[in-house]
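Listed below are the residues making up each chain.
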Amino acid sequence: MAQKPGIPKGTRDFSPTEVAQRNYIFSTIKEVFEVFGFQPIETPSFENSSTLMGKYGEEGDRLIFKILNSGDYLKKVDEGLLTNKESIKVTSKISEKALRYDLTVPFARYVVQHQNDIVFPFKRYQMQPVWRADRPQKGRFREFYQCDADVVGSKGLWQEVEFVQLYDAVFSKLKLNGTTIKLNNRKILAGIAEIIGAKDKLIDFTVALDKLDKIGAEGVTNEMLAKGISEEAISKVQPLFSFNGTSQEKLNQLQDMLAQSEQGLQGVKELRFIVDNVEELGLQSAKLDLDVTLARGLNYYTGAIYEVSAPEGVKMGSIGGGGRYDDLTGIFGLKDVSGVGISFGLDRIYLVLEELGLFDDVALPKPKVLFINFGETEAAYCMKAVSALRVNGIKSELYPDAAKMKKQMNYANRRQIDFVVLAGESELEGNNYTLKNMQSGEQQTCTLQELIEITK
RNA sequence: GUGAUUGUAGCUCAGCUGGUUAGAGCGCCGGAUUGUGGUUCCGGAGGUCGCCGGUUCGAAACCGGUCUUUCACCCCA
């Protein structure tokens, strides 16, 4: 046998069944997006490196797949850089394109580039693969799909409310009950950092706080200390380590805690608006949870932050995330365009639905009728019937070879085809067909018209 | 990027402290059964034991490297 082929790590092939199941998720999300008034766009799978680099932090840069320049790409590179093995500088010389890392930054680029053709507020959705040079692990791949919906050109907090509803609508439709939509606000995090006098350490502070449910209060304290946040400052936020109660109660506590921070109070106000309205409107299956430890996408979120976790008991990272970014397009030269959006992690949602057995109703496209091939003359006779069935929208096919009956019947079994049509010498003579129901085993002689009616 | 972990037939896996010709189940192909499947029975094909190197009289097994799988950290969907 020749050398075994393989695929790069972190990538996957999808079988017909898997594709059907994935398409079911895609179409569900797409339907809801459109019901909410979003329109699709697509962007190239790779962008200029300059568009992507530096937008996701240092860690992000490392995880971006770079595309090697064509031609003799080393020609232009300075000898010194090569001999000193300065990888990062060399990279920027030999690679000018990169695979997209998410859909948000390319979208920002799109908005800036097409600003004159866009009607604002612009509500777009996008469902395309993204690539990250990460080490694969559970629910984490190097090629995966994101399904994003964003609104740019509006600061209205009603969008934030709508996105909570959108999440709820999609997961309800997928019958994925019990998801938790976690909500936070960057301004609150900034406010807390301000209160404890660690304004300059906002990122370190929030990244540590984010790990609360994973490493506990003690772990978080240790990490903060390690990052140079004083013990005194940490003691001020101690209440956050055991923060609970209803959303309203949490909001009231935050309001007290942040009384001295204008920004923090603004965050409380925004959250209150969202929480109040979501409570007023109600949710079908998800629950909204105010989570001050939530800190994602800090490189560009400025207001609301969302993250969706799978129902309790399913071990899976977040299956969706998003937030408000006041100045995303600013990096590409378009000021004062606020945006807010959310993302669905298709591949993780797939794993969760799979684990919970929620794919039962997803039907694999397959033929309904198989015509047994007895030879050239019979095949020609059958093909006329096949055409007629197809015109009527009945999925049907002729077995391509005049193979043994057993083999053809077995094929029908394996593919779980409902009906088999046998047309040999005697049927040709009588200008009819023998139709066999593969489940009951019953068979009957019928005309073409009857064939269509029964198998329809 | 750090630390573990995995790799034997198409698939799921056995294979003892290194010892002749590496096994099973399922699947595949053929036959019993030349126009009637799912069951049964019989037979057959298919593996340089991930790859490279080392230790040894001898390696699927031990050691090193590399790739791959899975998992955790970092970070994230």
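Residues numbered from 1 in each chain as written. Chains lettered and ligands numbered in written order. Predicted model: local features only at pLDDT ≥ 70, side-chain atom pairs only at ≥ 80, totals over all residues. Heavy atoms only, no water.

Heads up, the condition is: UniProt positions are given in the numbering used here, feature names are shortened, and annotations may be inferred rather than shown by experiment.
Per an unreviewed UniProt entry, chain A goes by Histidine--tRNA ligase and derives from Lutibacter oricola. The Subcellular location (unreviewed entry) comment attached to chain A in UniProt states, word for word, "Cytoplasm". You can read under Catalytic activity (unreviewed entry) in the UniProt record for chain A the words "tRNA(His) + L-histidine + ATP = L-histidyl-tRNA(His) + AMP + diphosphate + H(+)".

**As for the packing of aromatic side chains**
Counted only if it meets this: Pairing of aromatic side chains requires ring centres within 6.5 Å, counting the rings of Phe and Tyr and the six-membered ring of Trp. Pairs whose planes differ by under 30 degrees are stacked, by over 60 edge-to-face, and all others tilted. The secondary structure listing takes helices from DSSP runs of H or I that are at least 4 residues long and strands from runs of E that are at least 2 residues long, numbered from the N terminus. For every residue, the accessible area (1.4 Å probe, protein chains only) is compared with the maximum for its type, and the residue is labelled buried under 20%, exposed over 50%, or partly exposed between those bounds. A ring is scored as having a charge over it whenever the NZ atom of a lysine or the CZ atom of an arginine sits within 6 Å of its centre and within 35 degrees of its normal.
Throughout the structure, instances matching the rule amount to 18 aromatic pairs. The interplanar angle of 75° and the centroid separation of 5.0 Å between the aromatic rings of tryptophan 158 and phenylalanine 273 together place this pair among those described as edge-to-face. Placement of tryptophan 158 in helix α7 (residues 158–173) and of phenylalanine 273 in helix α14 (residues 262–281) is noted, with a sequence separation of 115 residues between them. Centre to centre, the rings of tyrosine 167 and phenylalanine 344 are 5.0 Å apart; their planes meet at 65°, and the pair counts as edge-to-face. Taken together, the residues span a long stretch of sequence, with tyrosine 167 in helix α7 and phenylalanine 344 in strand β11 (residues 339–345) at a distance of 177 residues. The pair tyrosine 167 / phenylalanine 344 is uniform in exposure class, with both members buried. An aromatic cluster is present here, built from Phe33, Phe38, Tyr125, Phe163, Tyr167, Phe171, Tyr306 and Phe344 joined pairwise through their rings. Its guanidinium or amino end placed over the ring of phenylalanine 14, arginine 22 lies 3.8 Å from that ring's centre, counting from NZ or CZ. It is arginine 124 that lies over the ring of phenylalanine 107; its NZ or CZ is 3.9 Å from the centre.

**Some thoughts on the protein's contact with RNA strand B**
Counted only if it meets this: One heavy atom within 4 Å of a molecule or strand is enough for the residue carrying it to be called near that molecule or strand. We define a polar contact as two N or O atoms separated by no more than 3.5 Å, with the added condition that, inside protein, one atom must be a possible hydrogen donor and the other a possible acceptor, whereas residues neighbouring each other in sequence contribute only through side-chain atom pairs. Three categories are distinguished: nonpolar for Ala, Val, Leu, Ile, Met, Phe, Trp, Tyr, Cys and Pro, charged for Asp, Glu, Lys and Arg, and polar for the others, with Gly belonging to the last.
Taken together, the neighbourhood of RNA strand B is formed by 42 residues, with Arg132, Arg140, Ser318, Lys404 and Asn413 sitting nearest. What you see for RNA strand B is that sugar and phosphate hold 45% of its atoms within 4 Å of the protein. Glutamate 59 has a polar side-chain atom sitting 3.3 Å from a base oxygen of RNA strand B. Between RNA strand B and the protein, one listed contact pairs a base nitrogen with a backbone N or O atom of glycine 139 at 3.4 Å. Here the surface near RNA strand B gets 7 residues from one element, more than from any other, and that element is helix α17 (residues 405–414). When grouped by side-chain class, the residues that make up the surface near RNA strand B number 10 nonpolar, 12 polar and 20 charged.

**Notes on the pairing of strand β14 (residues 419–422)**
Defined as follows: Each pair of strands is called paired provided DSSP finds at least two bridges between the two strands.
Of the two faces of β14, both are covered, the one formed by Phe419 and Val421 as well as the one formed by Val420 and Leu422. By the bridge criterion, 3 bridges tie strand β12 (residues 369–371) to β14 in an arrangement that is parallel. Bridging from a neighbouring strand, leucine 370 pairs with valine 420 of β14. Sheet topology places β14 next to strand β15 (residues 433–437); 4 bridges connect them, and they run antiparallel.

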